Amino acid sequence: MGDCIFCKIVNKEINSNIVFEDDEIIAFNDIEPIAPVHVLIIPKKHIDSMNDVDKSDERLFGKIMIVVSNIAKQVGIADEGYRLLTNTGINGCQEVKHIHFHLIGGQRLQKI
Ligand code: AMP
Ligand code: ZN
């Protein structure tokens, strides 16, 4: 996807602080963290948003859910806990149109 900033991170055209990578998934530190730990977990495949995930993505998204706790352990937030969230569309305040999961922790978060 030509102009997608996260595809550029996947392709190493833009630097990022990578905390996990395999053939299908990459996770890197958010450039504007809202908590002491703020990691973005994304599929390398470009998918705009949750609205565009379909049956063919079942295995990939299962895998993403499984790597979350491994990444949380790796960045030291698993035991005390964290939040995993995805913003979708205008009302969800999604800015980057390449689906991503925010993994946020390292402090007590505001209850939602
Ligand atoms: P969202 O508002 O859910 O679309 O989240 C987009 C996130 O991407 C924001 O938290 C940004 O701080 C983050 N972000 C934007 N550009 C970069 C970048 N080059 N490297 C790391 N994080 C980024
Ligand atoms: Zn993309």
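For the structure itself, look to the data block above.
Predicted, not measured: the structure shown is a model, and the values here were computed from it.

Participant: What should I look at first to understand the overall build of the chain in this one?
Facilitator: Counting its secondary structure elements, the chain contains two helices and five strands. Seen in sequence order, the chain has helices and strands lined up from the N terminus as α-β-β-β-α-β-β. For 112 residues, the compact-globule estimate of 2.2 N^0.38 gives 13 Å, and the chain sits close to it at 14 Å. In terms of its C-alpha atoms, the chain occupies a principal-axis envelope of roughly 35 × 30 × 25 Å. Across the 112 residues of the chain, 38% fall into the buried class. For the chain, the accessible surface area stands at approximately 7000 Å², while carbon and sulfur atoms represent 50% of it.

Participant: For this particular structure, what's the right way to read the pairing of strand β1 (residues 18-21)?
Facilitator: Taken residue by residue, a regular strand's side chains alternate between the two faces of the sheet. Pairing of β1 with strand β2 (residues 25-29) involves three bridges; the strand directions are antiparallel. From the neighbouring strand, E21 faces β2, where its bridge partner is I26.

Participant: Which parts of the structure should I look at to understand the layout of surface pockets?
Facilitator: Over the atoms, a rolling probe the size of a water molecule traces out where space has been left empty. Of the volumes computed, that of the largest pocket is approximately 570 Å³. Looking at the lining of the largest pocket, the elements that each hand over two or more residues are α1 (5-10), β2, β3 (37-43) and β5 (101-105). The leading source of residues in the lining of the largest pocket is α1, at three residues. The residue makeup of the lining of the largest pocket, split by class, is twelve nonpolar, nine polar and three charged. The space that makes up the second largest pocket amounts to roughly 170 Å³. Around the second largest pocket, the lining residues are G76, I77, E80, G81, Y82, R83, G106, Q107, R108 and L109.

Participant: Explain the coordination of the zinc ion (ligand 2) here, please?
Facilitator: Four donors placed tetrahedrally around a metal ideally meet at 109.5 degrees, and six donors placed octahedrally ideally meet at 90 or 180 degrees. Around the zinc ion (ligand 2), the protein contributes the donor atoms C4 (SG), C7 (SG), H46 (ND1) and H98 (ND1), which lie 2.0 to 2.3 Å from the metal centre. Classification of the site at the zinc ion (ligand 2) rests on its four donor atoms, whose angles at the metal span 106 to 117 degrees, yielding the label tetrahedral. Mapped onto the sequence, the donors of the zinc ion (ligand 2) take the spacing C-x2-C-x38-H-x51-H. Residue C4 is found in the segment before α1, and its partner H46 is found in the loop between β3 and α2 (58-74); the two are separated by 42 residues along the sequence.

Participant: I'm lost on the side chain of K44 in this one. Help?
Facilitator: Locating K44 in the fold gives a position in the loop between β3 and α2. A distance of 2.8 Å separates a polar atom in the side chain of K44 from the backbone oxygen of D22. Not counting the four nearest positions on each side in its chain, K44 is found in contact with V10, E21, D22, D23, E24, I25, I26 and H98.

Definitions and limits used
- Residues numbered from 1 in each chain as written.
- Chains lettered and ligands numbered in written order.
- Predicted model: local features only at pLDDT ≥ 70, side-chain atom pairs only at ≥ 80, totals over all residues.
- Heavy atoms only, no water.
- Helix = DSSP H or I, 4+ residues; strand = E, 2+ residues; numbered from the N terminus.
- Rg over C-alpha atoms; globule rule 2.2 N^0.38 Å.
- Buried < 20%, exposed > 50% of the residue type's maximum accessible area, 1.4 Å probe, protein only.
- Areas by Shrake-Rupley, 256 points an atom, 1.4 Å probe, with all protein chains shown as cover.
- Pairing = 2+ DSSP bridges.
- 1 Å grid on protein atoms, 1.4 Å probe; cavity = no way out; pocket = protein on both sides within 12 Å on 5 of 7 lines; lining within 4 Å.
- Points joined across faces, edges and corners; volume = space filled by probe spheres on them.
- Nonpolar A, V, L, I, M, F, W, Y, C, P; charged D, E, K, R; others polar.
- Donors = N, O, S within 2.8 Å, 3.2 Å for Na, K, Ca; no water.
- Tetrahedral: all angles 85-135°; square planar, octahedral: opposite > 155°, others 65-115°.
- Polar contact = N/O pair within 3.5 Å; in protein donor to acceptor, adjacent residues only side chain to side chain.
- Contact = heavy atoms within 4.5 Å.

So, to be careful, I would describe these as geometric facts and stop short of saying anything about function.
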